[in-house]
Amino acid sequence: SSNANLSSTSVAGAAVSVSGAKASMEEFSLGSLVSLYDGIWANVFKEAPASALYLGIYELVREYLASTSLGTDHPLWTYLIAGAVGELFGSLIRVPIESIKVLMQTKSLAMQEAILQVTTKEGIENTIRAWQLSVFRDVPMGAIQLALFESAKTFVINSRDIDFDVNTLMAE
């Protein structure tokens, strides 16, 4: 008898879960799909200047280090250091704008409202904490990413078996 009650409860629970999932799927609409793109402009504004600064600083530091004994003796270290420095500077732009984008997406704020919230005392403190944490993740990644790119590019350029015009946009 208790087994029969357990079975009927389990079946009823499963029926409730299935009908709840069906109701959730019916509530899903084109509007909710479009809302996934809330904050896209903040993301564009975040990535374009930050990436330009990242690559610009990378090139400056790489060129400087290449003219030193470190650059001639240890080119991999040149790429790693230049990539890390570039990412550090790029994150100074990326992280505050990331905070704006997240507020727009999670709280459905307009860009101006999100900017006002990020520029409050609490918003600035939160952004600084987020920046400190992101540095530990993004700086090593930026260094490794460009070191791998430069190493692969050097391999292709120096390979006799690969016929590839390195002076084209496709090469970059």
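Everything numeric in this text was worked out from a predicted model, so none of it was measured.

How would you sum up the overall build of the protein? Please name residues and give values.
Along its length, the protein carries 7 helices and 0 strands. The helix and strand sequence of the protein, counted from the amino end, reads α-α-α-α-α-α-α. By residue count, 25% of the 172 residues in the protein fall in the buried class. Put simply, 64% of the contacts in the protein that link residues at least 6 apart link residues at least 24 apart. With an accessible surface of roughly 12,000 Å², the protein has 67% of that area assigned to carbon and sulfur atoms.

Requested: an account of the nonpolar core, with residues and values cited.
Counting 9 residues, the largest nonpolar core consists of Y54, I57, Y58, V61, L65, Y79, A82, L146 and A147. When residues of this core are traced back to their parent elements, those giving at least two are helix 3 (40–66), helix 5 (75–107) and helix 7 (121–158). Leave out the neighbours within four places in its chain, and Y54 touches G83, G86, E87, G90, G142, Q145 and L146. I100, L109, A114 and V118 belong to the second-largest nonpolar core, a separate cluster that totals 6 residues.

So what about the confidence of the model for the protein? Which residues, and what values?
Per-residue pLDDT for the protein has a mean of 82; in total, 79% of the residues score no lower than 70. Taken element by element, the protein is modelled with least confidence in helix 1 (residues 2–27), mean pLDDT 47, and with most confidence in helix 6 (residues 111–118), mean pLDDT 94. Counted against residues more than four places away or in other chains, residues 1–19, with its pLDDT under 50, gives 0 contacts.

What counts and how
- Residues numbered from 1 in each chain as written.
- Predicted model: local features only at pLDDT ≥ 70, side-chain atom pairs only at ≥ 80, totals over all residues.
- Heavy atoms only, no water.
- Helix = DSSP H or I, 4+ residues; strand = E, 2+ residues; numbered from the N terminus.
- Buried < 20%, exposed > 50% of the residue type's maximum accessible area, 1.4 Å probe, protein only.
- Contact = heavy atoms within 4.5 Å.
- Areas by Shrake-Rupley, 256 points an atom, 1.4 Å probe, with all protein chains shown as cover.
- Core = buried A, V, L, I, M, F, W, Y, C linked by side-chain atoms within 4.5 Å.
- pLDDT = per-residue confidence, 0-100.

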